[in-house]
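# An overview of the molecular structure
Next come the chains, spelled out residue by residue.
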Amino acid sequence: IRVLLKDQRFVWYSLSVIVSYGALQAIFFHRIAVFEAGGFAVTAVAGLAALSALLGFPGRYGGPLLATRIAATTVSAAALGALAVAAALMVNPTGVTMVAHFIIFGLAFGVMLPIRPVIMSDWYSGPTYGRIMGAQWSAAAVGGALGPWLAGVGKDAAGAYDVPMVAVAVAMASSAVFTLLAARDSSASSR
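First, a word on scope: everything that follows refers to the structure included in this document.

Calculation notes
- Residues numbered from 1 in each chain as written.
- Predicted model: local features only at pLDDT ≥ 70, side-chain atom pairs only at ≥ 80, totals over all residues.
- Heavy atoms only, no water.
- Helix = DSSP H or I, 4+ residues; strand = E, 2+ residues; numbered from the N terminus.
- Rg over C-alpha atoms; globule rule 2.2 N^0.38 Å.
- Buried < 20%, exposed > 50% of the residue type's maximum accessible area, 1.4 Å probe, protein only.
- Salt bridge = Lys/Arg side-chain N within 4 Å of Asp/Glu carboxyl O.
- Phe/Tyr/Trp six-rings, centres within 6.5 Å; stacked < 30°, edge-to-face > 60°.
- Lys NZ or Arg CZ within 6 Å of the ring centre and 35° of its normal.
- Contact = heavy atoms within 4.5 Å.
- Polar contact = N/O pair within 3.5 Å; in protein donor to acceptor, adjacent residues only side chain to side chain.
- Expected span 1.5 Å × (residues − 1).
- Bend = angle between axes of the 7 residues up to and from the residue.
- Axes fitted to C-alpha atoms, helices over the stretch in contact; angles between N-to-C directions.
- Parallel < 35°, antiparallel > 145°, perpendicular 65-115°, else oblique.
- Left-handed = near helix turned anticlockwise from the far one by under 90°.
- Nonpolar A, V, L, I, M, F, W, Y, C, P; charged D, E, K, R; others polar.
- Core = buried A, V, L, I, M, F, W, Y, C linked by side-chain atoms within 4.5 Å.

Let's shift gears to the overall build of the chain. When its secondary structure is counted, the chain shows seven helices and zero strands. Reading the helices (α) and strands (β) of the chain from amino to carboxyl end gives α-α-α-α-α-α-α. In terms of overall size, the chain behaves like a compact globule, its C-alpha atoms giving a radius of gyration of 17 Å where 191 residues would be expected to give roughly 16 Å. In terms of its C-alpha atoms, the chain occupies a principal-axis envelope of roughly 55 × 35 × 25 Å. Out of the 191 residues in the chain, the part that is buried amounts to 43%.

This is how it looks when you write it as C-alpha cells:
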C-alpha cells in the first residue's frame, strides 16, 4: 500500500472511487425520500427505480466495449459526469426531472460497475491485483458509509433535500475530475 500511495494515478483514482461511492450511496439511500418529498407516490418512484436498474444492463456490456476504443478513464469520467447530472436532477424535482434522473442514472451506473476493474487491470494486473482492488474498495466502503449519513445530516440541517443533493452532484462531478487527474498521471508515468 505504501508503494501505491506514491503512485499519483492510484491516489487520484482511489479518491474518485471513494467520493463517487459515497455519492452513489447517498443517492441510493435518499432518492425515494427526495421524490416522495417532491409529491410523487412511492409506487411510481419505486417503479422508476426498477426501470433504472434494468437500464444498467447496456452500460455493463457497453462500457467495457467502449473502453477498447476510448481510454477507460475517459469512459469513467463521462459516466461520473452523467451521474452528477442525475444527482442534480434530484434538486427541486418535477415529473420530467424525476424520469430523466432515473434514465440517466441507470445508463451511467451500468457503465460504472465494470469500468473500475477495467481501469485497475490496465494499471495493476498481476498477482497483487486482488489485494490492490480490496484495499481500494475498503477505503471506498468508508466513503459509502459517510455519503448517506452526510446527506441525512444536510437534509435535517437544511430542512429539505436541495442542499445535500447539490453537494452530492458536486461530489460526483469532483469524482470525474479526480479520474481525469488519474488519467493525466497515468499518461505521464507511461512516458
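Attention now moves to the pattern of salt bridges. Taken as a whole and judged by the stated rule, the model has one salt bridge. Here D7 and R9 are joined by a salt bridge, their closest N and O atoms 3.1 Å apart. Each member of the pair, D7 as well as R9, carries the same accessibility label: buried.

A complete count under the given rule lists nine aromatic pairs for this structure. Following the ring pairs from residue to residue traces out a cluster consisting of F10, Y13, W123 and Y124. The side chain of R31 reaches across the aromatic face of F105, ending 4.5 Å from its centre. Above the plane of the ring of F57 lies R60, whose end atom (NZ or CZ) is 5.2 Å from the centre.

A positive phi angle, close to 50 degrees, is found at N92, a residue other than glycine. Among the structural elements, N92 can be located in the loop between α4 (72-88) and α5 (95-124).

Let's shift gears to the environment of Y129. With respect to the helices and strands, the residue Y129 is situated in helix α6 (residues 129-158). For the pair Y129 and A49, spaced 80 residues apart in the sequence, the C-alpha separation amounts to 33 Å. Excluding residues that lie within four positions of it along the chain, Y129 makes contacts with P117, M120, S121 and Y124. Within the structure, Y129 has its side chain in polar contact with the backbone oxygen of P117 (distance 3.3 Å).

What follows deals with helix α3 (residues 42-66). For α3, built from 25 residues, the straight-helix expectation of 36 Å at 1.5 Å per residue is met to within 8% by its first-to-last C-alpha distance of 35 Å. The sharpest bend along α3 comes to roughly 25 degrees, located at P58. If you check which residues of α3 are buried, you get V45, L48, A49, S52, G56, G59 and G63. At its buried positions, α3 is contacted by α2 (8-37), α4 and α5.

Viewed as axis vectors pointing N to C, α2 and α5 meet at an angle of 155 degrees, and their least axial separation amounts to 12 Å. In terms of axis orientation, α2 runs roughly antiparallel to α5. The two elements α2 and α5 meet at a crossing, and its hand is left-handed. Each of R9, F10, Y13, V17, L24, I27, F28, R31 and F35 in α2 lies in contact with α5, whose residues at this interface are M98, H101, F102, F105, F109, I115, R116, I119, M120, W123 and Y124. Looking at the contact of α2 with α5 residue by residue, the class counts come to 16 nonpolar, one polar and three charged.

Before going further, it helps to spend a moment on the nonpolar core. Judged by nonpolar contacts, the single largest core of 47 residues is most densely connected at L83, M120 and M172. At the level of elements, α2, α3, α4, α5, α6 and α7 (162-189) are the ones that each hand at least two residues to this core. Ignoring sequence-local partners within four residues, the contact set of M120 consists of F10, Y13, S125, Y129, I132, M133 and Q136.

Attention now moves to the environment of V163. Structurally, the position occupied by V163 is in helix α7. For V163, a relative accessible area of 55% translates into the label exposed. The sequence separation of V163 and V91 amounts to 72 residues, and the corresponding C-alpha distance is 8.1 Å.

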